[in-house]
Amino acid sequence: MRNLNHISLYTFTVRAIHSQVAIIGGGTAGLNVSAQLVRDGHYIPQQIRVFEPYKMHAYQTGWTLVGAGMCNVEKTMRPMEKVLPKNVCLSDCPVVRIDPEQNTIVTMDGQKYTYDQLIVASGVQRDFASIKGALEQLNNPEAPVGSIYYYRYAQKIDRMIKEFEGGKLIFSEPPSKCEGIPSNIVFLTHERLSAKNVKCDYHVYKANDSIFGIPKYSEILGELAHEKGLHCHLKKRLVEVQDHKVIFEDVETKQQYTSDYDFLHIVPPQKPAAFIAESGLGDSDGYVHVHPNTLQHVRYANVWALGDCSSLPTSKTAAAVMAQTPILIKNLIRTWKFKQSPLPEYQGYTSCPVYTSNKKVLLAEFKYNKQLDETFPVFQSSDSKVMYLLKKHFFPFAYWQLMVRGLWGGRDGIRLFKGV
């Protein structure tokens, strides 16, 4: 028998996997970009890699209707492999670091990836944990606390409304990515409970200093709230949730207020993924720091961002993503393939449809500097049944049947012709 007098040590190096285009995030923004890149023929699918740890893709806007009892949660989610363009590479391990100097991405398992162009579309994270006691109450099936910002909590909200027999309802809202979504569940809850003649005392606590950030829509929604008997408390931030008791803080004076509740809906604070700031790509708030009109990173020419994770100073909605996507793609192709300067075409367009009842919607459309940018002005001076039909029936169809195939251009309609 041979004696082994020493052991040889071998070092194995993980080989980096290269993609021409890396897209971090498989939500609405990442899915829309990948679909349009493939459909327009800029890249073959195998040249694109999407990083998305979740197995299911969610139409998160639909969770509002889940909470309102107007939609089954199953209709809001589909497997990632069913919605991504065919043959696009998918990595399901979370990204933990980006090295923009070396064009490198590292995932939690230690695997390295390299890229020529990087598109960050990682969305934002729900930060329920930043509100003391919130998760404990949300996860307690007996506690009357829910939220439409997570599908399980949205299902709980639906059950809470069905079982509610009267009392004080509180709706809390921090500075949020879209002011329309929190208002939706307030009005829809009022509609359902009014139909059952349930005696209710409604209170809406907002951290912002107005009901809506755009004066025209703030006035309309304020009048509707007054008509429906909704009491609005501005500049108040939820800091703690207890059993049937909440504590709010005045955002200016820091004075705290305590209130009882029989029904509580929480809008969580939202924050970008930590790897953005840790990789040197973030602004002072941790969002990917991009030019507001070109969507190109202010320091790294081959890094781009859109949607909720970006620093774009506009309301973060799916409609905004639809407007941002073709501009980002055009500028990426211009700078990389044609060596031309990016065009400053994005002017901040976004849209916030607000359900004011289960039959009407106020469609708010605007751009940078709070300027109105309406598509259907004749229907946007008040809440409208026409806008309801668009929001409730057509938009979900456009999302699942057109957007995932690269065919939906938002308010520009169906993309019959390829982009640049």
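Residues numbered from 1 in each chain as written. Predicted model: local features only at pLDDT ≥ 70, side-chain atom pairs only at ≥ 80, totals over all residues. Heavy atoms only, no water.

For the protein, the name recorded in an unreviewed UniProt entry is FAD/NAD(P)-binding domain-containing protein, with Paramecium octaurelia as its organism.

Take the sheet that holds strand S14 (residues 236-242) next. Pairing is antiparallel across the open sheet formed by three strands, whose spatial order is S14-S15-S16. With partners counted over all chains shown, the strands left at the sheet margins are S14 and strand S16 (256-260), one partner each. Direction aside, the axes of adjacent strands within the sheet are offset by 25° on average. Bridge analysis of strand S15 (residues 245-250) against S16 gives five bridges, and the strand direction is antiparallel. Bridge assignment links glutamate 249 to a residue of S16, and that residue is glutamine 256. (Pairing = 2+ DSSP bridges. Helix = DSSP H or I, 4+ residues; strand = E, 2+ residues; numbered from the N terminus. Axes fitted to C-alpha atoms, helices over the stretch in contact; angles between N-to-C directions.)

Looking now at unusual backbone geometry. Notably, asparagine 197 is not glycine yet its phi reads approximately 60°, a positive angle. On the secondary structure map, asparagine 197 appears in the loop between helix H6 (180-195) and strand S12 (200-206). Owing to a relative accessible area of 70%, asparagine 197 belongs among the exposed residues under this scheme. Backbone geometry at lysine 339 places phi at a positive 55°, although glycine is not the residue there. Structurally, lysine 339 can be placed in the loop between helix H9 (318-336) and strand S20 (350-355). When its relative accessible area of 66% is taken as the criterion, lysine 339 is described as exposed. (Buried < 20%, exposed > 50% of the residue type's maximum accessible area, 1.4 Å probe, protein only.)

Let us look at the environment of threonine 28. Tracing the backbone shows threonine 28 in helix H1 (residues 28-39). Residues threonine 28 and aspartate 308, spaced 280 residues apart in sequence, show a C-alpha to C-alpha distance of 9.8 Å. Contact partners of threonine 28, with chain neighbours within four places excluded, come to His57, Ala318, Val321, Met322, Tyr399 and Met403. Here the side chain of threonine 28 touches tyrosine 399 through a polar contact of 2.7 Å, side chain to side chain. (Contact = heavy atoms within 4.5 Å. Polar contact = N/O pair within 3.5 Å; in protein donor to acceptor, adjacent residues only side chain to side chain.)

Let us now look at the environment of cysteine 309. Tracing the chain through its elements places cysteine 309 in the loop between strand S19 (303-305) and H9. Separated by 109 residues in the primary sequence, cysteine 309 and cysteine 200 have C-alpha atoms spaced 37 Å apart.

Across a sheet, paired strands are connected by hydrogen bonds in the backbone, their directions being either parallel or antiparallel. With parallel pairing, the five strands of this open sheet are ordered in space as S10-S17-S11-S12-S13. Two strands in the sheet have a free side with no partner beyond their single neighbour: strand S10 (145-146) and strand S13 (230-234). Alignment of S12 against S13, held across five bridges, turns out to be parallel. Across the sheet, the residue bridging to valine 204 is cysteine 232, located in S13. Here helix H5 (residues 151-163) sits on the sheet and contacts S10 and strand S17 (263-266); the angle it forms with S17, its principal contact strand, is near 155°.

Two side chains bearing opposite charge may form a pair once their charged atoms approach each other closely. Taken as a whole and judged by the stated rule, the model has 14 salt bridges. Residues lysine 55 and aspartate 92 are paired through a salt bridge, measuring 2.5 Å at the closest nitrogen-oxygen approach. One end of the pair, lysine 55, is in the loop between strand S2 (48-51) and strand S3 (56-58); the other, aspartate 92, is in the loop between strand S5 (89-91) and strand S6 (95-99), and 37 residues separate them in sequence. On the basis of relative accessible area, lysine 55 is assigned to the exposed category, the value being 54%. The partner of arginine 411 in a salt bridge is aspartate 373, and the shortest N-O contact between them spans 2.9 Å. Here aspartate 373 lies in the loop between strand S22 (371-372) and helix H10 (385-402) and arginine 411 lies in the segment after H10, a separation of 38 residues in the sequence. When its relative accessible area of 37% is taken as the criterion, arginine 411 is described as partly exposed. Residue class for aspartate 373 comes out buried when judged on its relative accessible area of 18%. One network of salt bridges, with partners in common, ties together Arg39, Asp40 and Arg415. (Salt bridge = Lys/Arg side-chain N within 4 Å of Asp/Glu carboxyl O.)

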